[in-house]
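# Working through the structure, step by step
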Amino acid sequence: MSSAISMGDSHSEDHHHLGFIRTYIFSTDHKMIAKQFLVTSLLFLAIGGILAAMIRWQLGFPGQPLPFNLGAILPNTMAPGGIILPEFYNSLVTMHATFMVFFALMPLMAGVFGNLLIPLQIGADDMAFPRLNMLSFWITPVAGAVMLASFFVEGGAAGAGWTSYAPLSTSGEWTGVYMGQILWLVSLIILGFSSITGALNYVTTVIAMRAPGMTWFRIPLATWSLFITAWLLLLAIPILTGGLILLLFDQTIGTAFFRPEGSGEPLMWQHIFWFFGHPEVYILILPAMGFVSEVIANRSRKPVFGYHSMVVALVAIAFLGWIVWGHHMFQSGMNPFLGMSFMATTVVIAVPSAIKTFNWLGTLWKGDIHFDTPLLHAVSFVALFVVGGLSGIFLASAPVDIYLHDTYFIVAHLHYVLVGGSLFGIFAGITFWYPKIFGRMMNETLGKIHWTVSFITYNLAFFPMHNLGVQGMMRRIYDPNQYEFLQSLQSTNTFISKSVFVFAGIQIIFAINFLWSMKKGKKSGDNPWDSNGLEWTCPSPPPHGNFAEVPIVYRGPYEYSHPDREQDFWPQDEAPVDDLDGPEYTDPNESTESNDE
Amino acid sequence: MFVLGKNEKLISVTLLATLVVVGCGGGDSSDSAGSSSAASEATVMENPVDPSTAGNISGSVAFEGSAPAMDAIDMSGEQVCADKHSTAPMLQTVVVNDNGTLSNVFVYVKEGSAIEGMQFPTPSAALLDQDGCVYTPHVMGVMVDQEITIRNSDGLLHNINASPTEQRGFNTSQPFNMETSQDFGTPEVMVPLRCDVHGWMTAFVGVVNHPYHSVSDGSGGFSLSTLPEGDYVVEAWHEQYGTQAQTVTVTAGGTTDITFTFSADMANAVVPMRTPIDPHDHPLVTDHQ
Amino acid sequence: MNLSWLMPESVSTFGPALDNLYYVILWITGIVFVVTEVVLVYFIIKYRHKEGRKATYIEGSSKAEWIWTSATAVIVMALAIYSKGIWDTIRHPDMFPENAYELNVTAKQYEWNAAYAGSDGQLGTSDDIVSRNQVHVPVDQPVIVNLQSEDVIHSFFLPQLRVKHDAVPGRVWPIWFEATQTGEFPLACAELCGLGHYRMGGTLIVHSKEDFDIWLSEMQIEAEDDE
C-alpha cells in the first residue's frame, strides 16, 4: 500500500515534472497505461487479422499461391511457392486464436477500459497500485515478443490449436513443432502475470477507492462489468498458468501429467483448460456488455432498463461460468450423467443472457435514440450477441452437439460472440470514450462508413458458417475438398473468404479515423455526449490525478430524461437543488449491499 | 500522412521498435533453420584422396534360407496410389532377389584410420521419391550435410517424419506435387523416415561423414570406390536382420571382393537403431534443444 | 452456395430423434431470433431522435423481468429435459443395445484402423482382421465400436450416422450405432490431430447382413492364407 500512498501524493504535482520517460513510457498514470494498452492491443488485433486472412485464403482458394507475392517473403517451411502448407495452416489457426484472445481482446477489455474507466467512473485519482499497474502493461509486450518470435524458430509456431490439447501439444514428435510450442507456453505464462496484477488492481480499486456517495448500486455498468471480469481474471488465470506449467514440464523435462505413456491423463488437460477457458469466455464478453449498456442508455437518453437485474445478471453469468466447462467436452469422453449435469448448468446461462438482451431492448423502448457511431456499434452488439446466444443453445443440447461439435457451427457461434459481440462492443467503447482519451471526437462520416461496411460484411462472412457446420464441415481443416461430401461447400467458403477480406480491409478506415482524429478531430469538450458519469466531469483528456477535488456522488449513473428536469441528463455529482447545505454523505465502505459473487 | 500527437507517436515508435527487434532477432534464427549452405561451400573443396594410391571394395549380399513372404499393402483407401501399381505392392522389409541375394542392405565404412579426419566434398543432392505411396529408394545413404531432395510424385498428402536419435528430426508435409530439401548434420546409421498418412511407408537413411557407403541393389551388389589404401571395418545393415562387420584391406589400384551373408534365422536380430518405428515404445526425449 | 439449414439425410436409428431435436431448437431459436431482431429494428426506427421529443423516463419493470426470466427458464429447461432422453439413448451405458456386433477402431496419425474378430470370434487376438480407413458394419444391427488411439486425440465422426466421439490415447471409449441403410458413408476426423488432420478420412461401408458375413469370412480366409 505504501506505493499507492506515495503515488497519491505525487498527483498534486504537475505531471510534466515527471520527465519524458516517466510520463510516456514507464508511466504509472492509469490513463497513459490505458493508451499504451490500446495501441499495443490494436497492433496485435491487426496481426491476428492478418493471420485470419491467410487462413481464409487457404479455405477460399485452396492450394493457390498467396496473392500480392506474399509467398516470396514466407520461407519454404511455411509456404513454398506461396502455397500454405498444412503444418503452417495449423500454426495460423493456433496463433490467430492466441493473438486474438490473449493479446487483442483481453487487453482491449481489461487493459484499456479497466484502466481508463474504473478510476474515472468511481471518482478515484488513480489505481490502488499504480506501479503494479505499470508492470501489468510492460509484461504484455514481453509476452507478445516471445509469442511473435515463435514464428521464426525451427519447426515454426505452435500448431496444436489455441486449446493445445494434450498429447498433441506435449511433444514435437506429433507436430514437428518443438521450440514453437515451448515459446507459446512461456509467453502465456508470462502474460498471465499481466492479467493477475491488473485484476488485483481493478478489484482493490473498486472496493477501496470509490468516491463518497458511490454506493455499489450507483456504479456504472461498465465498471460493474469490469469489476466482475477482474474477479474472473484473478481466479481463472492462475488455473491456466498452473496447467501451462505442467504442460511445459511434459514438453521439456519428460514428466507425464498429460501424456498417456507414463500414466498421464490427456483429458485432465482439457478439464484444467476449460475450467479456465469458460470463465475466459466471459472475461471476453462481460466488459463489452457493460460498454454497450452505457452507450445504449446514453444515446437513447433513458435509464438502463432494470439496472439491478443487469447487475444481478452479470454476477449470475460470472458465477455460472465456473460450472459449465464440461460442455466443451461432451464428445471428449465423460460419464453421460456428468454430461447431463453440464447440459443443465449450461442452458441456465441462457436466462441471465436473455435478461440482459431484453433489458437492452427495454432501454431502447420509448427512447430518444441518437444514431451516432457508438450507438450503431452498441446496437450491433445486441443484434449479433442474440445470434451467438441462440446458436449456443444448439451446442448446449448435448445430443445436437454430437453432430455440431468441432464443426463450423462452433466457429460461427464463437465468432458471433467474440467478434459480433466483443469486437463490436469494443468499437462502441472506443468510439464512445475516444473523446475522453484524446480530447477530440472521431470523424462521424468515417465512423459510419466503417460501421456500415463492417456490419454487412461481418454477417456475410460469419452467418454462412452456420450452414457449413450443419452440412458437417469440420473446423481446423486445411482443405475441405479432401472430403467428397464437403466439396459442394467450396463456393460458400470462397464467398466467406471474400467477405472476410472486405471486413478486414475496411478496418483500415477505422485505423485512419483513429489516428487522424487524434490530431485533427473536432475538440470534444468535457462532456460531448451529455453523459452523467463522473468520467465526463473532468477535462478531456483528464489531467494527472483526474479530479480537481474529490467528487461527491448523489445518484445513479443513468438519470437521463428525468421528468423533473429541463435537461435530459443529470450528472452523478450534481448537488440536488434542495440540498445545497451539504450532501448526504454515504461511506462506500459501509455499504451494506451485497457485491461480488 | 497523419501526424500523431507527441506522446502517441512515442508509444508507437517504442512498440514498433520492439516488434522490429523481435522480427530481426527471429529472422537470424530462421536463416539457420533453412537448408544448410554447406553444400555450396563444399563444391569448391577438392577430394583429398589421391586416385593413384586408392583401391575399391565391391561385393554382394547373399541370403540363405527361405525368403519370408511379405504382406501385400492394402491401398484400397488411396485409389490414386493403387492405380499406379499394376501388381499389388508388397512391403519392402525383406526383399530377396531372384538370384538369392538381399536388397536394401546399407553397406558402409564404419572404421578406417586412413580416412579418419579427412574432409570430403559434399556430393550433390540425393533424391528420395514418393511415387505410388512407396518410398524410392527404400534404403539410401547420404553424407553429412548432403541435401536430400524429397519429391512428392503422387499429388496427394504425404508427410515425411524423420525420427533420428543423434539430432533433431523433422516432420514436414507435402500436400501436392512438390520437392523439399532436407539434410542431416550428424552421422547416424540409420535414420528412420515414415509417412503417417500412409502407415506402410517407411524408409531408412544412413548418414555418414564420408562418401564410402552403398546400398545392395536388385542383384545384391554394392561397391565402395576410391578408398585410400589401408584396413577398414565395413558394416552391413539390414532393417530386419541386423548388422554384420568385416575387416577389409584395400590396396592401391586393387579391388577387394567381400560377401555378406544374411540368413532367415537372423529375423530376430537386434537392429541397431535406437528409435523404433512404433511411437509407443519411444524413449523419453528430453533434449529437444 | 449451399445455405441450407437442413441436416443431411440420417442413416442411423437414433438419427431421426436427434434431427427432430435439432429442428425443434431451430424453430424456437429461429422465432426468437426473428422477433428480437424485428423488435430491435422497430425500436431504433420508431424511437429515433426527433426534435422536441424527450425520452420517456422508465427505470424498468419487475413484471417484465419476471416474464422474460421465467419464460426463458421454462423453454431452456424443457429443451434440456427433451435432450436428456436422446442423450441417454445414445450414451447411457445401461441403454447400450444387446446382441451388438463389436469391433475395435484404433486411430493413429493419420489413419483409422478397424479390427474385427477373426475366426476365433474374439476381438483383441492375433487373428483379428484389420482394415485401414474402411469400417465395415452390417445394416440393421447395433454395432459397438471400442474407440482407441495410439498417439494423440482424434475424433471419430460419421456425419450421416450422427456419431462423433473422441478417441483418447490411454483409454477405450465404447460407442454404439445402428445403420439403417446399406451403402458407403464418409468417416472423418473432427479433432485437430496434426498436419494430416484434414485428410484423415475414411469410409463406413454398411453391408447387408449376408454381404457382411461373406465379407468377413473372405477376410478370414485371406488372413489364414497369409499364415
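Residues numbered from 1 in each chain as written. Chains lettered and ligands numbered in written order. Predicted model: local features only at pLDDT ≥ 70, side-chain atom pairs only at ≥ 80, totals over all residues. Heavy atoms only, no water.

## Quick notes on the overall build of chain A
A count of helical and extended segments in chain A gives 17 helices and zero strands. A globule of 597 residues ought to have a C-alpha radius of gyration of about 25 Å, and chain A, at 24 Å, matches this closely. Principal-axis analysis of the C-alpha atoms places the extent of chain A at approximately 80 × 55 × 50 Å. Burial statistics for chain A: of 597 residues in total, 72% are counted as buried. Intrachain contacts of chain A at a sequence separation of at least 6 include 80% that bridge at least 24 residues. Carbon and sulfur atoms make up 66% of the accessible area of chain A, which totals about 17,600 Å². The centroid of the 25 positive side-chain charges in chain A is displaced by 9 Å from the centroid of its 40 negative side-chain charges. (Helix = DSSP H or I, 4+ residues; strand = E, 2+ residues; numbered from the N terminus. Rg over C-alpha atoms; globule rule 2.2 N^0.38 Å. Buried < 20%, exposed > 50% of the residue type's maximum accessible area, 1.4 Å probe, protein only. Contact = heavy atoms within 4.5 Å. Areas by Shrake-Rupley, 256 points an atom, 1.4 Å probe, with all protein chains shown as cover. Lys, Arg positive; Asp, Glu negative; His and termini not counted. Charge placed at Lys NZ, Arg CZ, Asp CG, Glu CD.)

## Some words on the nonpolar core
With 307 residues, the main nonpolar core has A:F102, A:W224, A:F514, C:L103, C:V135, C:F156 and C:F177 as its most contacted residues. In terms of residue count, the dominant contributor to this core is helix α4 (residues 86-122) of chain A (24 residues). Both of domain 1 (15-94) and domain 2 (101-226) of chain C provide at least three residues apiece to this core. In this structure A:F514 touches A:L38, A:L42, A:I430, A:Y434, A:F438 and A:M442, once residues within four positions along its chain are discounted. Among the nonpolar cores identified, the runner-up in size contains 26 residues, and B:V105, B:V109, B:Y241 and B:F260 belong to it. (Core = buried A, V, L, I, M, F, W, Y, C linked by side-chain atoms within 4.5 Å. Domains from an automatic or database assignment.)

## Points about the pattern of salt bridges
Where charged atoms from two side chains of opposite charge come close, those side chains can pair. Under the defined criterion, the tally for this structure stands at 18 salt bridges over all chains. Its salt-bridge partner being B:K84, residue B:D154 comes within 2.8 Å of it at the nearest N-O pair. With B:D154 in the loop between β6 (148-152) and β7 (158-162) and B:K84 in the loop between α3 (79-82) and β2 (106-111), this residue pair connects regions lying 70 residues apart in the sequence. The closest approach of N and O atoms between C:D88 and C:K84, which form a salt bridge, is 2.6 Å. In this pair, C:D88 and C:K84 both sit in helix α2 (residues 62-91), four residues apart, roughly one turn of the helix. In the salt-bridge network here, residues are joined through shared partners; they are B:K84, B:D131 and B:D154. (Salt bridge = Lys/Arg side-chain N within 4 Å of Asp/Glu carboxyl O.)

## Considerations on the environment of A:S497
Residues and elements named next belong to chain A. With respect to the helices and strands, S497 occurs in helix α17 (residues 490-520). By relative accessible area, S497 is classed as buried at 0%. When the C-alpha atoms of S497 and A548 are compared, they prove to be 52 Å apart, with 51 residues separating the residues in sequence. Here S497 is in contact with R56, L59 and G60, once residues within four sequence places are set aside.

## Overview of the environment of B:M178
Locating B:M178 in the fold gives a position in strand β9 (residues 178-182). As for B:M178 and B:V250, which are separated by 72 residues in sequence, their C-alpha atoms are 42 Å apart. In this view, B:M178 contacts A:P80, A:L85, B:I150, B:R151, B:N152 and B:S173; residues no more than four positions away in its chain are not counted.

## Quick word on helix α5 (residues 130-149) of chain A
With 20 residues, α5(A) extends 30 Å from end C-alpha to end C-alpha; this agrees with the ideal 28 Å at 1.5 Å per step. Buried residues dominate α5(A), accounting for 15 of its 20 residues. (Expected span 1.5 Å × (residues − 1).)

## Topic: a positive patch on the surface
On the surface, A:K366, C:K46, C:R48 and C:K50 cluster together into a positively charged patch. Inspection of the secondary structure assignment puts C:K46 in helix α1 (residues 15-46). Given a relative accessible area of 39%, C:K46 falls into the partly exposed group. (Patch = residues over 30% accessible without salt bridge, like charges linked within 9 Å, V, L, I, M, F, W, Y side chains within 5 Å.)

## A few points about the sheet that holds strand β9 (residues 183-189) of chain C
All names here are of chain C. Sheet architecture is open: five strands sit in the order β4-β10-β9-β6-β7, paired in mixed fashion. If you trace the sheet from one side to the other, it starts and ends with β4 (134-138) and β7 (163-167), each paired once. Adjacent strand axes in the sheet meet at a mean angle of 25° when their direction is disregarded. Examined bridge by bridge, strand β6 (residues 154-158) and β9 share two bridges and lie antiparallel to one another. Paired with F156 across the two strands is C189, which belongs to β9. (Pairing = 2+ DSSP bridges. Axes fitted to C-alpha atoms, helices over the stretch in contact; angles between N-to-C directions.)

## Some points on the interface of chain C and chain A
How big an interface is tends to be stated in terms of accessible area lost as the parts join. Each side of the interface is counted separately: chain C has 86 residues, and chain A has 100 residues. Taken over both partners, the interface formed by chain C and chain A buries close to 8,000 Å², and the fraction arising from carbon and sulfur atoms is 71%. Summed over the shared surface of chain C and chain A, the result is one salt bridge. The salt bridge involving C:R171 is made with A:E265; its shortest N-O contact spans 2.8 Å. Summed over the shared surface of chain C and chain A, the number is 32 residue pairs in polar contact (both at pLDDT 80 or more). Listed by contribution, the elements that provide at least two residues to the side of chain C that touches chain A are α1, α2, β7 and β9 of chain C. Among the elements that make up the side of chain C that touches chain A, the one with the highest residue count is α2(C) (17 residues). For the side of chain C that touches chain A, the class distribution of residues is 51 nonpolar, 18 polar and 17 charged. (Buried area = accessible area lost by both parts, 1.4 Å probe. Polar contact = N/O pair within 3.5 Å; in protein donor to acceptor, adjacent residues only side chain to side chain. Nonpolar A, V, L, I, M, F, W, Y, C, P; charged D, E, K, R; others polar.)

## What about the confidence of the model for chain A?
Residue and element names in this part refer to chain A. Looking at chain A as a whole, the pLDDT averages 92, with 94% of positions reaching at least 70. Within the model, the stretch residues 1-15 combines pLDDT values under 50 with 15 contacts to residues more than four positions away or in other chains. Under a pLDDT of 50 for its full length, residues 591-597 has, in the predicted model, 15 contacts with residues more than four places off or in other chains. (pLDDT = per-residue confidence, 0-100.)

## Brief notes about the packing of helix α15 (residues 408-438) of chain A against α17(A)
Packed helix pairs are specified by the crossing angle of their axes together with the interaxial distance, meaning the distance between the axes. All names here are of chain A. One way to put it is that α15 packs onto α17 with a least axis distance of 11 Å and a crossing angle of 15°. Accordingly, the angle class assigned to the pair α15 and α17 is roughly parallel. Crossing of α15 against α17: the hand is left-handed. Listed contacts from α17 to V419, L423, F427, I430, Y434 and F438 of α15 are F503, Q507, F510, N513, F514, S517 and M518. (Parallel < 35°, antiparallel > 145°, perpendicular 65-115°, else oblique. Left-handed = near helix turned anticlockwise from the far one by under 90°.)

## Structural notes on the environment of A:L404
Inspection of the secondary structure assignment puts A:L404 in helix α14 (residues 398-404). Once the C-alpha coordinates of A:L404 and A:V470 are considered, the two residues, 66 residues apart in sequence, prove to be 6.8 Å apart.

## Comments concerning a nonpolar patch on the surface
A grouping of A:I245, A:F249, A:I253 and A:F257 is seen on the molecular surface, where their side chains present a nonpolar patch of about 340 Å² in accessible area. Its location among the elements puts A:F249 in helix α8 (residues 221-252).

## What to know about the pairing of β6(B)
Residue and element names in this part refer to chain B. Buried residues dominate β6, accounting for four of its five residues. As paired elements, strand β3 (residues 126-131) and β6 share five bridges and run parallel to each other. Bridge pairing links L127 to T149 in β6. By the bridge criterion, five bridges tie β6 to β9 in an arrangement that is antiparallel. What sits directly across from I148, in β9, is Q182.

## Points about unusual backbone geometry
Each neighbour pair has its own omega, and for A:S540 with A:P541 the value is -10°, a cis peptide bond. Take A:P541: it is sitting in the segment after α17. With an omega dihedral of -10°, the bond running from C:Q109 to C:Y110 counts as a cis peptide bond. On the secondary structure map, C:Y110 appears in the loop between β1 (101-108) and β2 (111-116). For A:D530, which is not glycine, the phi torsion reads 50° and is therefore positive. With respect to the secondary-structure elements, A:D530 resides in the segment after α17.

## Quick word on the side chain of B:D154
Exposure remark for B:D154: the relative accessible area of 7% places this residue in the buried category. Beyond its immediate chain neighbours, meaning those up to four positions away, B:D154 contacts B:V80, B:C81, B:K84, B:Q130, B:D131, B:G132, B:C133 and B:N177.

## So, a negative patch on the surface
A grouping of B:D74, C:E218, C:E222, C:E224 and C:D225 is seen on the molecular surface, where their side chains present a negatively charged patch. Here C:E224 shows up in helix α3 (residues 209-226). With relative accessibility at 45%, the residue C:E224 sits in the partly exposed group.

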